[in-house]
Every structure is written in C-alpha cells, then in structure tokens.
Amino acid sequence: MLIDTHAHLTDPRFAGDLDAVLRRAGEAGVGAILDVGDSAASSASCVGHARSCAGVFAAVGIHPNNAAEAEPGDLDRIAELALDGRVAALGETGLDYYRRRSPREAQERIFRGTLDLALGTGLPVVMHCRDAYAALIGVLGEARYAGIRGVVHCFSGTGNDAEAIVGLGHSLSVGGPLTYPSNAGLRDTVRAAPIGRILVETDCPYLPPEGERGKRNEPALVARVADDLARLRGVSPGEIARITTENALRLFTRMGAAVRTGDTLISKVARSPFRPFTGS
C-alpha cells in the first residue's frame, strides 16, 4: 500500500471525475490520500472530501502565496477545522521567496500562527518551502517550536538543508521532480537521507512524473515516484511502499489510526498486491 501525502483534490481540474480519480488510486495500491488546503475556503472543502470519502484525509492551512489575501479570522477558521477528526495535519503553510506573491512578513505571520496552532493541537505541519530554506529552518529551530513535527513537501533543498530539517525532527516528501533527469542533485540528497524520514506524494494536479509531464497529475501516479525512489535506494518497490507508508502513518497519527482499522481507498476495490507503476 502507498500513501499520497500531498494532493489538491479541490482543484477545479478534478471537478468532473473525482470518483474515477479515487478509483484509479485505489486500483494502483494507494490506500490513503492527504487532501491539502491552501486557504480557509479550500481547507473547508478538503474536510468535506475527507468526511465523504474513505481513505481521504484533510490538511487545513493557508499557503504562503495566499498569506497576503488571508482575512483576519482565517487562522481562527483553520483552528476550528482542525478539530474535525478527519483532519490529519495543518498546512500547507511555510515560506516562498520565489513567487513573491505575498510579502515575507505576511508569510511569516501565517507560518508562525500555524506553528502555534500545531503546539495547541498536536497535529503535524505540512510545509511548503521555495528559495527560503535558511529562513524556514531558522524558524523551525527556535526553542518554542521544538515539540512540533512535520514534513517539508516536494523537498527541493540541498543536502545541508535536508540534514538540518531531519535534525529538527521533521520529514522530507518527494514527488514528480525526483523523476526528472535534470534533478541529479536532488536524487543524491534523497539517496543519502534517512529512509525513515522520507514520504512520497504527487502534489497533484501539479508536477506529474517524467513520462507524464504536460498532463494532469493524479494520486495513482505516486506509484511512479515510489518506483523511482526504490531504484534510487536499491530496494524493491514493495519495500519502499511499506517503509514510506509506515513513515506517513507514524507522522499523521489520525490518519494512521483510521487506516489501520481499514479506512482506505483500497477497501473500495479488489484487493491485490502492490504493483509498481509501469506507465499509462
């Protein structure tokens, strides 16, 4: 079984065929999906998906690129949503100094506010970081945030960044970019990272793996990421599926409790052994 630890099922590109998307995911061996919000409104929609779909869980938060647009009460709304038992994480939050769609001050305010919510709720945090690793690591390294656990999704930093993030108790998630021929440096970093701190994701509908670029990404394609990760680490796809799933269930404890009692996408389709992705 695999877990797609970062998907955006509320994106309009899934509006017409979400049921089929979820069915394909289950057939590909994806047992659970974390549906990630990027605003108060989309986070509420993620909770709606999670309530209505077995194997789908929600992360609620405000993306750094949306920080400037956040209303004064939006973090309070995120805190309310986080009380729902189908919410497995806070996020996506973090820092993005590449897009510059929100001032750095607004991004940091939302990021710190979300970390404060994590302290209060005990939920892990799903973090976005682009061209801001030094700043992100600096905030996470503050003593007040020492008890928080989370994951930097779609990790794109250096080996030193990875070492610092893992050293602070957080995990790294990899997606389609791991499969791109130009990302040799990323593959070297992921090859050296502790396997117990690596998760897999799609970030769908964005960043499809090599061979699918230009198309809409979807959760079933997390199998392609896992397959490439297995080759990179020199183990079988089934072993990578086992390890990354256990890593995810250990981090996202609400998801873990539900999945271990059979709350999975796979429960909707004929059960079959894990099969590595072989192409469309």
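In what follows, the structure referred to is the one given above.
Residues numbered from 1 in each chain as written. Predicted model: local features only at pLDDT ≥ 70, side-chain atom pairs only at ≥ 80, totals over all residues. Heavy atoms only, no water.

Draft legend 1. Focus on the side chain of Thr179. Along the chain, Thr179 turns up in the loop between β7 (171–174) and α7 (184–192). From its side chain, Thr179 meets the backbone oxygen of Gly176 in a polar contact 2.7 Å long. (Helix = DSSP H or I, 4+ residues; strand = E, 2+ residues; numbered from the N terminus. Polar contact = N/O pair within 3.5 Å; in protein donor to acceptor, adjacent residues only side chain to side chain.)

Draft legend 2. Highlighting the sheet that holds strand β5 (residues 125–130). With parallel pairing, eight strands are arranged side by side in an open sheet as β1-β2-β3-β4-β5-β6-β7-β8. Every interior strand has two partners, whereas the edge strands, β1 (2–7) and β8 (198–200), have only one. Within this sheet the neighbouring strands show an average axis-to-axis angle of 30°, counted without direction. Where β1 and strand β2 (residues 30–36) come together, four bridges link them in parallel fashion. The residue of β2 that forms the bridge with Asp4 is Ile33. Its contacts with the sheet put helix α4 (residues 104–121) on β4 (87–96) and β5, and the angle it makes with β4 is roughly 155°. (Pairing = 2+ DSSP bridges. Axes fitted to C-alpha atoms, helices over the stretch in contact; angles between N-to-C directions. Contact = heavy atoms within 4.5 Å.)

Draft legend 3. Main features of the environment of Ala54. The topology assignment puts Ala54 in the loop between α2 (40–52) and β3 (56–60). Overall, the relative accessible area of 25% leaves Ala54 in the partly exposed class. (Buried < 20%, exposed > 50% of the residue type's maximum accessible area, 1.4 Å probe, protein only.)

Draft legend 4. Inspection of the packing of α2 against helix α3 (residues 74–81) at higher detail. One way to put it is that α2 packs onto α3 with a least axis distance of 10 Å and a crossing angle of 10°. The angle between α2 and α3 falls in the class roughly parallel. Residue-level contacts link Ala40, Ser43, Ala44 and Val47 of α2 to Asp74, Arg77, Ile78 and Leu81 of α3. A class-by-class count of the residues in the contact of α2 with α3 yields five nonpolar, one polar and two charged. (Parallel < 35°, antiparallel > 145°, perpendicular 65-115°, else oblique. Nonpolar A, V, L, I, M, F, W, Y, C, P; charged D, E, K, R; others polar.)

Draft legend 5. Representation of the pattern of salt bridges in the model. For the coordinates displayed, the defined rule picks out 19 salt bridges. In this structure, Glu218 and Arg24 form a salt bridge, with 2.8 Å as the shortest nitrogen-oxygen distance. Within this pair, whereas Glu218 is found in the loop between β8 and α8 (222–233), its partner Arg24 is found in helix α1 (residues 18–27), the two being separated by 194 residues in sequence. Looking at Glu218, the relative accessible area reads 10%, which means it is buried. Residues Glu108 and Arg112 are paired through a salt bridge, measuring 2.8 Å at the closest nitrogen-oxygen approach. Taken together, the positions of Glu108 and Arg112, both in helix α4 and four residues apart, correspond to about one turn of that helix. Looking at Glu108, the relative accessible area reads 29%, which means it is partly exposed. One network of salt bridges, in which partners are shared, links Asp17, Arg24, Arg216 and Glu218. (Salt bridge = Lys/Arg side-chain N within 4 Å of Asp/Glu carboxyl O.)

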